[in-house]
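Here is how the chains run, residue by residue.
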Amino acid sequence: MFGIKSSMFSGTRELEQKIDEMHDKVLECSLYFKEAFEIYLKEKRSANYRRASKKIKNIESKADDLRREIESRLYIHNLIPDLRADVLLLVENIDKVINEFDEVAHKFYIEQPEIPEKYQAKFRLLVNQVCECAENMVICSRAFFRDFATVRDYSRKVYFSEHESDKTWAALKQDVFDSDMELAHKIQLSSLIGEVADVADKAEDCVDAILIFTIKRDI
Amino acid sequence: MELSYLFFLSSGLFLGWSLGANDAANIFGTAVGSKMVRFRTIALIAAIFVVLGAVFSGSGTSETLENLGAVNALAGAFMVALSAALSVYFILRMGITVSTSQAIVGAIIGWNFYAGKQTNYETLAQIFATWTLCPLLSGIVAVILYFTFKKLIKCCGMHLLRLDQLTRCGLIVSAAIGAYALGANNIANVVGVFVSSNPFKSLQLGSFYTLSAIQVLFFMGAIAVAVGIMTYSKKVISRLGNNLMRMSPVLALIVVLSQAIVLLLFSSVILHDWLAQNHLPTLPLVPVSSTQAVIGAIIGIGLAKGGRNIDWRTIGKIITGWVTAPILAMIICFVSLFFLANVFNQTVYLP
């Protein structure tokens, strides 16, 4: 009656939990991705890498389920009508970051690129930078839900990591094409480097949206 | 009761209906506009509370209007209410928000002029002062609430979704308080001029409560306001929407609360007596405009946020409407009373 259901607050609590879980998935993905990359550098497509890549896949599919659940909860329980579109867009953007992690991990598994020793340090640096960017994006997104005042601070961190990853991406790509590897190998590595850097770009897009939502919602 | 009385009262009821249709947007327009609450739900709550406010707390402000000019003939009261309603209608057609409080005061002064009665300038000065004080006070209350809410939200670290749900509840409660305050403060505008010629008798409600004759009159007026809320306010809300300023739900809550507090301060006899007993400064019980209170609150918040979002041209237009409304109502009333008395042979005032 009167559109106010007794379960109103419990519905909100569950939704809060689901959104928190969605954030956790990005962090898990980032950690497993770093681990998987290290395994790949050492063992290439080994059983260990397969397991690590599988873990990322599982997280990605759980994140998809979570996204769908959040969407249906928002509409079925008529929660936060004013904020619904923004939250949905945010959740979709977060999901895109997770998808990108999974896609890159899978690409390593399928394509088995040969990463020469001399480029491994830079590649590792790039992976760490994009993971840091995604992790800061999670903190920024959590801040949007709990503490508007800090959203800006965390967004600066994301922009910084993204910028750094761009620099590493450009340097690494230049190194690859300056080398005397075969062109096919160069193109394959270049494409993979681009895909890794895309994780940071997706995180940056997500933070751009969060900043707009914050301006809209700030009292 | 004669049928003619109902006919004469119809102008007051029409004014009440338009008050309900227009002023409801101030109380819950933003809540409905932001889809935080269903129109049907909030309109029903507002309709109930507007009636309660009018019947149980409406007497304070009507005494002030009586002091300004006791319209002592039924046909005169009819024309006073009709002139106010017409001036509100014309100014609204020009796309300017207007206040029934100002229109009715202008119309009463028009009647005073026509009837050759002395306008109580002390009361008039008090009313004018209140019109300035109302938006100012509402702005101050809004600024205090704005900083309090901001601090509270920051300290609590509440999840945005939970904050949204609480805001939704807050909007419903504040709409109820706002509607009560609107009924208490503005019922005098609707049927206040009929008090002197009121033919209703007191009404016994079981063995618990007796409604006085004036309360029965206020009840009639309040029903008209409630009908206005239920039947036409949705159209007004969808037309006006969030034109004044794009507000977050929390800001909408602050605006509605400020308006409700200010309207209650200017209408609650209990509060007035309590403040007087405790040697605190009291405010005159005068019908004030909910539109003025809302605009005062919005300007207050706008200034608190740095003053960049305020459209001063629109505000200038609104203030022009506030000045025009009483003058237009006074002129319409004076001219119409002449016609009513000389063409229709009606007694518009008693010597």
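Our subject is the structure listed above.
Residues numbered from 1 in each chain as written. Chains lettered and ligands numbered in written order. Predicted model: local features only at pLDDT ≥ 70, side-chain atom pairs only at ≥ 80, totals over all residues. Heavy atoms only, no water.

Chemist: Explain the environment of V138 of chain A to me, using residue names and the numbers behind them.
Modeler: All names here are of chain A. Here V138 lies in helix α4 (residues 117-146). Here the alpha-carbon distance between V138 and H23, two residues 115 residues apart in the chain, equals 5.9 Å. Not counting chain neighbours up to four residues away, the residues in contact with V138 comprise H23, V26 and L27. (Helix = DSSP H or I, 4+ residues; strand = E, 2+ residues; numbered from the N terminus. Contact = heavy atoms within 4.5 Å.)

Chemist: So what about the side chain of T123 of chain B? Which residues, and what values?
Modeler: The topology assignment puts T123 of chain B in helix α6 (residues 121-156). With sequence-adjacent residues up to four places away left out, T123 of chain B is seen in contact with T64, N67 and L68 of chain B.

Chemist: With reference to specific residues and values, describe the packing of aromatic side chains.
Modeler: Summed over the entire model, instances satisfying the criterion amount to 23 aromatic pairs over all chains. With 5.6 Å between their ring centres and 65° between their planes, F7 of chain B and F8 of chain B make a pair best called edge-to-face. Accessibility expressed as a relative area gives 52% for F7 of chain B, which makes it exposed. Aromatic ring contacts, followed pair by pair, group F37, Y40, Y49, F108, Y109 and F123 of chain A into a single cluster. (Phe/Tyr/Trp six-rings, centres within 6.5 Å; stacked < 30°, edge-to-face > 60°. Buried < 20%, exposed > 50% of the residue type's maximum accessible area, 1.4 Å probe, protein only.)

Chemist: So what's going on with the packing of helix α3 (residues 59-68) of chain B against α6 of chain B? Residues and values would help.
Modeler: All names here are of chain B. Between α3 and α6, the least distance of the axes is 8 Å, while the angle of their chain directions is 130°. When the axis of α3 is compared with that of α6, the two are oblique. Classified by chirality, the crossing of α6 by α3 is left-handed. In this structure, α3 contributes T64, N67 and L68 to the contact, and α6 contributes T123, L124, Q126 and I127. For the contact of α3 with α6, a count of residues per class yields three nonpolar, four polar and no charged. (Axes fitted to C-alpha atoms, helices over the stretch in contact; angles between N-to-C directions. Parallel < 35°, antiparallel > 145°, perpendicular 65-115°, else oblique. Left-handed = near helix turned anticlockwise from the far one by under 90°. Nonpolar A, V, L, I, M, F, W, Y, C, P; charged D, E, K, R; others polar.)

Chemist: Talk me through a nonpolar patch on the surface; I want residue IDs and the actual numbers.
Modeler: All names here are of chain B. A contiguous nonpolar patch, built from F113, Y121, I319, V323, I327, I331, F334, V335, F338, F339, V343 and F344 and spanning about 1200 Å² of accessible area, is present on the exposed surface. Secondary-structure assignment places V335 in helix α12 (residues 312-342). The exposure class of V335 is partly exposed, given its relative accessible area of 39%. (Patch = residues over 30% accessible without salt bridge, like charges linked within 9 Å, V, L, I, M, F, W, Y side chains within 5 Å. Areas by Shrake-Rupley, 256 points an atom, 1.4 Å probe, with all protein chains shown as cover. Salt bridge = Lys/Arg side-chain N within 4 Å of Asp/Glu carboxyl O.)

Chemist: Talk me through the environment of W111 of chain B; I want residue IDs and the actual numbers.
Modeler: Residue and element names in this part refer to chain B. Along the polypeptide, W111 turns up in helix α5 (residues 100-115). What makes W111 buried here is its relative accessible area of 1%. Each C-alpha atom, one on W111 and one on D164, is 50 Å from the other, the two residues being 53 residues apart in sequence. Each residue touching W111, except ones within four places of it in the same chain, is listed here: A70, V71, N72, G76, V80, K117, C333, L337, V348 and Y349.

Chemist: Explain the interface of chain B and chain A to me, using residue names and the numbers behind them.
Modeler: On the side of chain A, 25 residues touch chain B, which itself brings 30 residues to the contact. Together chain B and chain A conceal approximately 2600 Å² of surface at their shared face, both sides included; 62% is due to carbon and sulfur atoms. When residues of chain B are sorted by the area they lose upon contact with chain A, H159, L160 and L161 of chain B head the list and together hold 27% of the total. Where chain B packs against chain A, one counts one salt bridge. One salt bridge connects R162 of chain B with E16 of chain A, and the closest N-O pair in it is separated by 3.0 Å. Scanning the region where chain B abuts chain A turns up four residue pairs in polar contact (both at pLDDT 80 or more). Looking at the side of chain B that touches chain A, the elements that each hand over two or more residues are α2 (39-57), α6, α7 (160-191) and α9 (249-265) of chain B. (Buried area = accessible area lost by both parts, 1.4 Å probe. Polar contact = N/O pair within 3.5 Å; in protein donor to acceptor, adjacent residues only side chain to side chain.)

Chemist: Describe the state of the cysteines, listing the residues and the values that go with them.
Modeler: As enumerated under the stated definition, the model contains zero disulfides over all chains in all. Residue C131 of chain A stays outside any disulfide, its sulfur separated by 9.2 Å from that of C29 of chain A, the closest cysteine. With relative accessibility at 0%, the residue C131 of chain A sits in the buried group. With no disulfide partner, C155 of chain B has as its closest neighbouring cysteine sulfur the one in C156 of chain B, 6.7 Å distant. We classify C155 of chain B as exposed; its relative accessible area is 61%. (Disulfide = S-S within 2.5 Å.)

Chemist: Describe the nonpolar core, and please don't skip the residues or the numbers.
Modeler: The biggest cluster of nonpolar side chains holds 180 residues, and the ones touching the most others in it are F108 and F123 of chain A together with F28, F194 and I254 of chain B. Grouped together as the second largest cluster of nonpolar side chains are six residues, I295, I310, I315 and W322 of chain B included. (Core = buried A, V, L, I, M, F, W, Y, C linked by side-chain atoms within 4.5 Å.)

Taken by themselves, the reported measurements are silent on function.
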